[in-house]
Amino acid sequence: QVQLVESGGGLVQTGDSLRLSCAVSIRPFSSWAMGWFRQGPGKEREFVAAISSSGTGTLYADSVKGRFTISRDNAKNTVYLQMNSLKPEDTAVYCCAAAPASRWTPKEKSDYIFWGQGTQVTVSS
């Protein structure tokens, strides 16, 4: 059974940092591209960041560029999202997702086959 399990969310203040992790049970992990998406209160799920299967390629939403960094450790089957300079508008449930590297458009939600349950990030002003 494929599992993606996020962790690291919480309640922080404006300007703080958080590091999200997503442990992935898919094998081989190195054949899957990974993405982070978020869904804020009353909003649709939106793309945050993505990373290629090798880790050499990354893409970010304009709203998080320069503040968030996505990375992966293929030896640990884990993808990370380092979030700095957090703002109240970053408040959302953050989910990781996996897409086959062979057919992957980073921002396209439908390309991602497996999804985690999400972790809540709340940024107070």
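In what follows, the accompanying structure is described. (Residues numbered from 1 in each chain as written. Predicted model: local features only at pLDDT ≥ 70, side-chain atom pairs only at ≥ 80, totals over all residues. Heavy atoms only, no water.)

### Observations regarding the pairing of strand β9 (residues 92–100)
Then, number 1: Burial analysis of β9 places eight of its nine residues in the buried class, which makes it a mostly covered element.
Then, number 2: Sheet topology note: the strand β4 (residues 32–39)/β9 ladder contains eight bridges and is antiparallel. Paired with Met 34 across the two strands is Ala 98, which belongs to β9.
Then, number 3: Note that β9 and strand β11 (residues 119–124) share three bridges and pair antiparallel. (Buried < 20%, exposed > 50% of the residue type's maximum accessible area, 1.4 Å probe, protein only. Helix = DSSP H or I, 4+ residues; strand = E, 2+ residues; numbered from the N terminus. Pairing = 2+ DSSP bridges.)

### Description of the pattern of salt bridges
Any two side chains of opposite charge can pair if their charged atoms end up close together.
Then, number 1: What the rule picks out here adds up to four salt bridges.
Then, number 2: Residues Arg 67 and Asp 90 are paired through a salt bridge, measuring 2.7 Å at the closest nitrogen-oxygen approach. Remark: Asp 90 occurs in the loop between β8 (78–83) and β9 and Arg 67 occurs in the loop between β6 (58–60) and β7 (68–73); sequence separation between them is 23 residues. In this structure, Arg 67 and Asp 90 share a single accessibility class: buried.
Then, number 3: A network of salt bridges, in which partner residues are shared, links Arg 38, Glu 46, Arg 67 and Asp 90. (Salt bridge = Lys/Arg side-chain N within 4 Å of Asp/Glu carboxyl O.)

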